[in-house]
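# Coordinate inspection notes
One-letter residues, chain by chain:
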Amino acid sequence: MTGHDHHHDHDHSELSETQLRVRALESVLTEKGYVDPAALDLLIETYEKKVGPRNGARVVAKAWTDPAYRARLFKEATSAIAELGYAGRQGEHIVALENTPTQHNMVVCTLCSCYPWPVLGLPPVWYKSAPYRSRAVVDPRGVLKDFGVTLPAATNIRVWDSTAEIRYLVIPLRPGGTEGWSEDKLAELVTRDSMIGTGLAKQP
Amino acid sequence: MTGHDHHHDHDHSELSETQLRVRALESVLTEKGYVDPAALDLLIETYEKKVGPRNGARVVAKAWTDPAYRARLFKEATSAIAELGYAGRQGEHIVALENTPTQHNMVVCTLCSCYPWPVLGLPPVWYKSAPYRSRAVVDPRGVLKDFGVTLPAATNIRVWDSTAEIRYLVIPLRPGGTEGWSEDKLAELVTRDSMIGTGLAKQP
Amino acid sequence: MNGAQDLGGMHGFGPVVPEPNEPVFHSEWERRAFALTLAMAMPGAWNIDMSRFARENRPPAEYLAMSYYQVWFAALETMLKQRELVADDEIVAGRSLHAPKPVTRTLTPGDVAQVLYRGAPTERATKSAATFKAGDTVRAKTINPLTHTRLPRYVRGRTGTIERVIGYHVFPDSNALGAGENPQWLYTVRFEGRELWGGDADASVTVSVDAWEPYLERA
Amino acid sequence: MNGAQDLGGMHGFGPVVPEPNEPVFHSEWERRAFALTLAMAMPGAWNIDMSRFARENRPPAEYLAMSYYQVWFAALETMLKQRELVADDEIVAGRSLHAPKPVTRTLTPGDVAQVLYRGAPTERATKSAATFKAGDTVRAKTINPLTHTRLPRYVRGRTGTIERVIGYHVFPDSNALGAGENPQWLYTVRFEGRELWGGDADASVTVSVDAWEPYLERA
């Protein structure tokens, strides 16, 4: 009944059990010729090393500096993002959401873990967790508080529940005091959370 | 991940842990003078030995044989039931529900475990369980199937979710072929489940 | 609160499994946890709505993994600690380490029969006339309080019919908070199964809940 | 299904806890479970909606107690067994004990980049005109299928506005059952927070879902 301690113990034994089961299943699937371990390695390497929120940050920085790109991005994000070479799985149909001084966007998937992989990589644990999925749609300001973010009461909050195959990318507000910055330098200000809507871009 | 086996192991260690915790807490509460173990024994004895579905069966058998009692029962069940000496905790406000050939009643408490203790005793595990609480309100015929009961498609089913302090007692249909039976003999046909609505009275 | 206790209409729990010849209790600790819960209500001075909230107010994964008397016992511990009747170190030690808090009454063996027979009726003298009458069409309000409520999610926003004006009863949403009994008119509201679950649902099913007036609006 | 996966609006899970400098994976088995899941879709010949249903279709207490990749892995095992690609004794033994089932394609290292880059678009050539247009007022239908659906409980029966006609997309409710892609018009439907959660909710909040035409009716 000491819910917490107990659950930790539980998790640990569960983890090693899981580790063994996963290894066993991989052996079976490999022996049967259903999977090629080298392909598995490549899949892992792709999402661990190559695809991540730096992709999205480049999209945002370009949108901040290039008005024509910004226009294409809000008109048809999938192709505008593909211009930078980002496309594919879990980003087949992307929509860019424009934060403004009066509207803040926040993205969630209450039913599972839908997330725009090509621009943000794989979702963090909190994004897939019950606390976020349950509360984002009913108490987005409370969720923002968990991230240390307080928006003005006058800012409207728009929550997007990713219930279909459309993936949403928030384009945060460009911080003041960054006039004349290069795209590369601006991209450093773009955090993953600012593109989900649980954070803001860093102040310079 | 072998959900079932795993959960059983989990339950067993949890049980002994719980056993120790309950014993420890009883010692603390007794030493502090908050509880008297003799009063605890009496509470347990009351619900383990004295109060149970035989009480409700007597009410039903009387309602089957005594039209004036039946009328009082459906008009004001709490006092009609008190005539037989059954009253009190978790039965302060009782309503009797009349099964007819065209309407079957079933009682549930989706939010916790509300149950008419003075006439039925303490609820069985299945009544407090997630399968019953989740399904009774949406699929009562499916629940009845779990109990081996099939009602005619033409019978309307009325489900009562005990969300307040009103406690419901189903008065099942009197089985045919019991003309002239004594109340005592009839009471033998009245099962607990028939007074919840997940069963019917036994056939003679 | 929209916790794991609000189970009406959820899927995935599998069949109902009745236990043949089920005993009243399945182990000695269940007997004691049950009796302790009943006996402590008097010195603890909490009401049934506070108890229910203490039971449901836990992480859903925990609520669903615990047996029903485990939930009761955990809630008893919670309430004892909240009121500083028992301290954590005493629970660990299994004995009293601090002076007891003065309590107004404890349950004696001589009290038991009478206390159980009396129960705790929730009907109160009316202070107002009931707004609705049998036959009225009402809608269950859309509310989502973080605190205790007895309006299940599956009826919120749904339209039904007042079947019976039950009486004027203690309002759990207030009583659970220690904000007074705040009695309100209580009604049995009957809903068509199809109103609750949609056009594919069994047309022969109706479902009722007992709902206090603040839960309802005229439809 | 109204399983534990349908979390929108539930209470009791506590705060969101971001992890500083979170790694992409937290252990080697997460890496392998992730990659196995992606790689097996080709020989397994299941679609994403079947995968989602295999993940959510488990007892709620289990779903909530498992980590996310544990859920993925359990679903992978389920789908492999359902299709008889792997047998229980092989899972226990950790090696192949029976002849493999013929599969049409497996994922080679040479495929990976292209397969990921291509993805699996769900838009299809339209076969009908969209019933609704931007600005229309619609109600999310009351449905409670035991099978896979992407209409969360918290919007059912609620009235919102069509904000955007997205396109004509594969319908998960059919696709998850192996009953064909059955594409349907897909819309972004926006709801006022107060319509979903009641008058006490934050008036500055709106919430949208993407909903296929069969989920909607004119309000």
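None of the values given here were measured: they were computed from a predicted structure.

With that settled, consider the overall build of chain A. Within chain A one finds 11 helices and 4 strands. Structurally, chain A occupies a C-alpha span of about 55 × 45 × 30 Å along its principal axes. Within the span of chain A, comprising 204 residues, buried residues form 60% of the whole. A separation of at least 24 residues holds for 68% of the contacts in chain A among residues at least 6 apart in sequence. If you average the places of the 23 positive and of the 25 negative side-chain charges in chain A, the two averages end up 6 Å apart.

Here we come to the sheet that holds strand E5 (residues 216-218) of chain D. Read across the open sheet, the 7 strands follow the order E2(A)-E3(A)-E4(D)-E3(D)-E2(D)-E1(D)-E5(D); overall the sheet is mixed. One side of each edge strand has no neighbouring strand; the edge strands of this open sheet are strand E2 (103-108) of chain A together with E5 of chain D. Each strand of the sheet is rotated relative to its neighbour by a mean of 35 degrees, with strand direction disregarded. Two elements, strand E3 (residues 184-192) of chain D and strand E4 (residues 205-212) of chain D, share 7 bridges in a ladder whose sense is antiparallel. The residue bridging Val189(D) from the neighbouring strand is Val209(D), located in E4(D).

All right, on to unusual backbone geometry then. Backbone geometry at Asn21(C) places phi at a positive 50 degrees, although glycine is not the residue there. In this structure, Asn21(C) sits in the segment before helix H1 (28-44). Residue Glu84(D) is not a glycine yet carries a positive backbone phi of 55 degrees. Within the secondary structure, Glu84(D) is located in the loop between helix H4 (68-82) and helix H5 (88-93). Given a relative accessible area of 58%, Glu84(D) falls into the exposed group.

Attention now goes to the domain arrangement of chain C. Reports often express the size of an interface as the amount of accessible area lost when the parts come together. Residues and elements named next belong to chain C. Here the domain parsing of chain C yields domain 1 (28-118) and domain 2 (137-218). Relative to domain 2, the C-alpha centre of domain 1 lies at a distance of 29 Å. At the junction of the two partners, domain 1 supplies 6 residues and domain 2 supplies 9 residues. Buried surface at the junction of domain 1 and domain 2, summed over both partners, amounts to about 610 Å²; 52% is from carbon and sulfur atoms. At the surface where domain 1 touches domain 2, the tally comes to 3 residue pairs in polar contact (both at pLDDT 80 or more). Within the side of domain 1 that touches domain 2, the residues separate by chemical class into 2 nonpolar, 1 polar and 3 charged.

Facing 87 residues of chain C, the contacting portion of chain B comprises 78 residues. Regarding the contact of chain C and chain B, the summed buried area is about 7,300 Å², with carbon and sulfur atoms giving 61% of it. Applying the counting rule to chain C against chain B returns 8 salt bridges. Among the salt bridges present, the one from Asp41(B) reaches Arg32(C), with a minimum N-O distance of 2.8 Å. Our enumeration of links across chain C and chain B arrives at 37 residue pairs in polar contact (both at pLDDT 80 or more). Breaking the side of chain C that touches chain B down by element, the ones donating at least two residues are H1, helix H2 (48-56), helix H4 (68-82), helix H5 (88-93), helix H6 (109-118), strand E2 (159-169), strand E3 (184-192) and strand E4 (205-212) of chain C. Ranked by residue count, the leading element in the side of chain C that touches chain B is H1(C), at 12 residues. Grouping the constituent residues of the side of chain C that touches chain B by class yields 48 nonpolar, 19 polar and 20 charged. The pairing of strand E3 (residues 156-161) of chain B with E4(C) spans 5 bridges and is parallel. Paired with Asp161(B) across the bridge in E4(C) is Val209(C).

Here we take up the sheet that holds E3(C). Here 7 strands make up an open sheet; going across it, the order is E2(B)-E3(B)-E4(C)-E3(C)-E2(C)-E1(C)-E5(C) and the pairing mixed. The open sheet terminates on both sides in strands that have one partner only, identified here as strand E2 (103-108) of chain B together with strand E5 (216-218) of chain C. Sheet twist, expressed as the average angle between the axes of neighbouring strands with direction ignored, equals 35 degrees.

So, about the packing of aromatic side chains. Applying the stated criterion to the full structure yields 42 aromatic pairs over all chains. Measuring from ring centre to ring centre gives 5.2 Å for Tyr47(A) and Trp117(A), while their planes differ by 70 degrees; the resulting arrangement is edge-to-face. Remark: Trp117(A) occurs in helix H6 (residues 117-120) and Tyr47(A) occurs in helix H2 (residues 37-50); sequence separation between them is 70 residues. Accessibility assignment for this pair places Tyr47(A) and Trp117(A) in one class, buried. Through successive ring pairs, a cluster of aromatic residues spans Tyr47(A), Trp117(A), Phe25(D), Phe34(D), Tyr68(D), Tyr69(D) and Trp72(D). Taking the ring centre of Trp160(A) as reference, the NZ or CZ of Arg158(A) above it sits at 3.7 Å. The positively charged end of Lys62(B) is found above the aromatic ring belonging to Tyr69(B), 5.3 Å away from the centroid.

Moving on, we come to the pairing of E4(C). The side chains of a regular strand alternate between the sheet's two faces. Most of E4(C) is tucked away: 8 of the 8 residues are buried. Here E4(C) shows a buried face lined by Val205(C), Val207(C), Val209(C) and Ala211(C) and a second buried face lined by Thr206(C), Ser208(C), Asp210(C) and Trp212(C).

Before going further, it helps to examine the pattern of salt bridges. According to the stated counting rule, one finds 50 salt bridges over all chains in the structure shown. Between Arg21(B) and Glu77(C) there is a salt bridge, and its shortest N-O distance comes to 3.3 Å. Note that Arg21(B) is positioned in helix H1 (residues 3-31) and Glu77(C) in helix H4, a pairing that runs across two chains. Note on accessibility: Arg21(B) and Glu77(C) belong to one class, buried. For Asp139(B), the salt bridge identified is with Arg135(B), shortest N-O distance 3.6 Å. Residue classification places Asp139(B) among the partly exposed residues on the basis of a relative accessible area of 31%. The structure contains a network of salt bridges with shared partners spanning Glu165(A), Arg167(A), Asp49(D) and Arg52(D).

Reading guide: rules and limits
Residues numbered from 1 in each chain as written. Chains lettered and ligands numbered in written order. Predicted model: local features only at pLDDT ≥ 70, side-chain atom pairs only at ≥ 80, totals over all residues. Heavy atoms only, no water. Helix = DSSP H or I, 4+ residues; strand = E, 2+ residues; numbered from the N terminus. Buried < 20%, exposed > 50% of the residue type's maximum accessible area, 1.4 Å probe, protein only. Contact = heavy atoms within 4.5 Å. Lys, Arg positive; Asp, Glu negative; His and termini not counted. Charge placed at Lys NZ, Arg CZ, Asp CG, Glu CD. Pairing = 2+ DSSP bridges. Axes fitted to C-alpha atoms, helices over the stretch in contact; angles between N-to-C directions. Domains from an automatic or database assignment. Buried area = accessible area lost by both parts, 1.4 Å probe. Polar contact = N/O pair within 3.5 Å; in protein donor to acceptor, adjacent residues only side chain to side chain. Nonpolar A, V, L, I, M, F, W, Y, C, P; charged D, E, K, R; others polar. Salt bridge = Lys/Arg side-chain N within 4 Å of Asp/Glu carboxyl O. Phe/Tyr/Trp six-rings, centres within 6.5 Å; stacked < 30°, edge-to-face > 60°. Lys NZ or Arg CZ within 6 Å of the ring centre and 35° of its normal.

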